[in-house]
Amino acid sequence: MHRNTRIILGITGGIAAYKSPDLVRRLIERGAEVRVVMSRAAMEFITPLTLQAVSGHPVHQHLLDSDAESGMGHIELARWAEIILIAPATAHFMAKIVHGEADDLLSALVVASEATLAIAPAMNRQMWQNPATRHNLKTLVDRGVSIIGPGEGDQACGEVGVGRMTEPDEIAQQLLGDGIPQLFSGKKILVTAGPTWEAIDPVRGISNRSSGKMGFAIARAARDFGATVTMVRGPVNTTPPSGVECIGVQSARQMRDAVMSRVSGTDIFIGVAAVADYRPALQEDQKIKAKEPEIVLKLIKNPDILAEVAAREDRPFTVGFAAETRDLLANAKKKLWDKKIDVIVANDVSGEDGAIDNDTNAASLIHQTGVVQLERADKYRLAISILEKISVLMNPEPSTA
Ligand code: CTP
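Residues numbered from 1 in each chain as written. Predicted model: local features only at pLDDT ≥ 70, side-chain atom pairs only at ≥ 80, totals over all residues. Heavy atoms only, no water.

Colleague: Would you mind going over the overall build of the chain in detail, with residue names and values included?
Modeller: Looking only at helices and strands, one finds 14 helices and 19 strands in the chain. Seen through its C-alpha atoms, the chain measures out along the principal axes to roughly 75 × 70 × 40 Å. Considering the chain as a whole, with its 401 residues, one finds that 47% of them fall into the buried category. Once local pairs closer than 6 in sequence are excluded, the contacts in the chain between residues at least 24 apart make up 67%. With an accessible surface of roughly 20000 Å², the chain has 49% of that area assigned to carbon and sulfur atoms. (Helix = DSSP H or I, 4+ residues; strand = E, 2+ residues; numbered from the N terminus. Buried < 20%, exposed > 50% of the residue type's maximum accessible area, 1.4 Å probe, protein only. Contact = heavy atoms within 4.5 Å. Areas by Shrake-Rupley, 256 points an atom, 1.4 Å probe, with all protein chains shown as cover.)

Colleague: Summarise the side chain of Thr12; cite the residues concerned and give the values.
Modeller: Secondary-structure assignment places Thr12 in the loop between strand 1 (6–11) and helix 1 (20–29). Overall, Thr12 belongs to the buried group, its relative accessible area being 2%.

Colleague: Just give me the short version of unusual backbone geometry, but keep the residues and values in it.
Modeller: What you tend to see is this: most non-glycine residues have negative phi, and most peptide bonds are trans. Here the bond from Ala87 into Pro88 is cis, since omega is 0°, no more than 30 degrees from zero. Mapped onto the secondary structure, Pro88 falls in strand 3 (residues 83–89). The step from Gly149 to Pro150 runs through a cis peptide bond, and the omega angle for that step is 0°. One non-glycine residue with positive phi stands out, namely Asp327, at about 45°. Taking relative accessible area as the criterion, Asp327 reaches 55% and is therefore assigned exposed. The residue Lys340 is not glycine, and still its phi comes out positive at about 55°.

Colleague: With reference to specific residues and values, describe helix 6 (residues 105–112).
Modeller: The element helix 6 is largely enclosed, with a buried count of six among its eight residues. Taken together, the buried positions of helix 6 are Leu105, Leu106, Ser107, Ala108, Leu109 and Val110.

Colleague: Report on the packing of aromatic side chains, specifying residues and quantitative values.
Modeller: Inspection of every chain in the model, using the stated rule, returns one aromatic pair. Centroid distance Phe184 to Phe225: 5.9 Å. Interplanar angle 80°. Geometry classified as edge-to-face. Taken together, the residues Phe184 in the loop between helix 9 (168–176) and strand 8 (188–193) and Phe225 in the loop between helix 10 (213–224) and strand 11 (228–233) connect sequence positions 41 residues apart. With relative accessibility at 1%, the residue Phe225 sits in the buried group. (Phe/Tyr/Trp six-rings, centres within 6.5 Å; stacked < 30°, edge-to-face > 60°.)

Colleague: So what's going on with the site of the ligand? Which residues, and what values?
Modeller: Near the ligand, the surroundings consist of 14 residues, among which Gly271, Ala273, Asp277, Phe321 and Lys339 are the closest. Side-chain polar atom of Lys339 to an oxygen atom of the ligand: 2.7 Å apart, as the coordinates give it. Relative to its unbound accessible area of 570 Å², the ligand is 76% covered by the protein chains. Only helix 12 (305–310) and strand 16 (317–324) provide two or more residues apiece to the shell around the ligand. With four residues, strand 16 is the largest single contributor of residues to the shell around the ligand. Grouping the constituent residues of the shell around the ligand by class yields eight nonpolar, two polar and four charged. (Near = heavy atom within 4 Å. Polar contact = N/O pair within 3.5 Å; in protein donor to acceptor, adjacent residues only side chain to side chain. Nonpolar A, V, L, I, M, F, W, Y, C, P; charged D, E, K, R; others polar.)

Colleague: Give me the lowdown on the sheet that holds strand 4 (residues 116–121), citing residues and values where you can.
Modeller: The five strands are arranged 2-1-3-4-5 in an open sheet whose pairing can be described as parallel. Every interior strand has two partners, whereas the edge strands, strand 2 (33–38) and strand 5 (146–147), have only one. Most of the contacts of helix 5 (residues 91–99) go to strand 4, to which it runs at about 155°, and overall it touches strand 3 and strand 4. Contacts between helix 9 and the sheet are confined to strand 1, strand 3 and strand 4, with strand 3 contributing the most and set at about 155° to the helix. (Pairing = 2+ DSSP bridges. Axes fitted to C-alpha atoms, helices over the stretch in contact; angles between N-to-C directions.)

Colleague: Tell me what's going on with the packing of helix 1 against helix 2 (residues 48–55), and back it up with residues and numbers.
Modeller: Orientation of helix 1 relative to helix 2, taken along the N-to-C sense of each, is 15°, at an axis distance of 9 Å. With respect to each other, helix 1 and helix 2 are oriented roughly parallel. Between helix 1 and helix 2 lies a crossing whose hand is right-handed. Here helix 1 contributes Ser20, Pro21, Val24, Arg25 and Ile28 to the contact with helix 2, which in turn contributes Thr50, Leu51, Val54 and Ser55. Of the residues that constitute the contact of helix 1 with helix 2, the class distribution is five nonpolar, three polar and one charged. (Parallel < 35°, antiparallel > 145°, perpendicular 65-115°, else oblique. Left-handed = near helix turned anticlockwise from the far one by under 90°.)

This is how it looks when you write it as structure tokens:
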């Protein structure tokens, strides 16, 4: 399965529908385009507005809706989809698919589409064990429908047993996980992310503007490409991606120490962190009282983590990020040479479209012999493109000349 896989997520009326926004996110994270279709009963559990917000597209609800039909009508939608995923799939909806019923939009799409069909059933354990459901399940399996789950555990009805919808991340993984080529399987990747915090006193300090989103996206994408990922991150509020070892630090020197104690044996180092270039010469133990009309702050240069990694004898493939407000390419190229690294990803941080705090970003990837322009995309997709390019640079195809 390729990235940009077009998925219709069909939500039917079960309590697990409350997990649907998370599922949409997990699918998009893996590069899918998602359109949501809800059954009438699903709307009793979660509002279309929520799903519209997370998917970025209006939710399709009705079969015979003139507005919808003049936009993307049901046949067009059926042709658009490469995968139809029904999650949660109720016992009733499974029965409907078995019988080819087409009395609402979602069931009509299933009948009208050639897309791969996958379902993640969710129901009470008795309903799951019921002979009718067993029979329907067997029919669907025989027809080649992919069945994801259900899992075992506590159920909303208070019972314990099989019938819980598989967790969203796991559904997305089963559906798309294998689609991402394991380019970095067996490789160790070390990433820095976020800003650093250089304390002046216990409440004040110097920092750089950085949300940590790009570094987190790189770590996630590297994980999805099969690498073993360690991330050293400065102070940010974002939850680290699962499956990534995450070490939290504050200052540049702490970040340096955390990196240096882990870099040996690393295949790729990616410095995404916005490391503060300077720190106060003195750090006061007590809060400085604002009595003086003027104070002078002496700053000392921090260690350059990226350059230090690149200077090691056992240097990994070394990638830096350059945040620039002007002369993007010239400044970034200078950093590539000065720090003696393999690749630099240049970000324009000026203006409202700049990299900082934005969910999307454009970048130029500069290596020893060329420049690649990477189009504006959400940070995860940009991370995927960056890592794909790194993989090509690390494994050049043998020359045919
Ligand atoms: N970097 C680092 N340690 C530092 C400073 C920067 O590891 N003390 C890394 C960053 O993680 C990034 C790259 O170096 O990958 C470029 O950082 P940037 O701040 O843009 O460049 P500087 O070298 O600080 O140059 P300037 O501030 O003059 O633009």
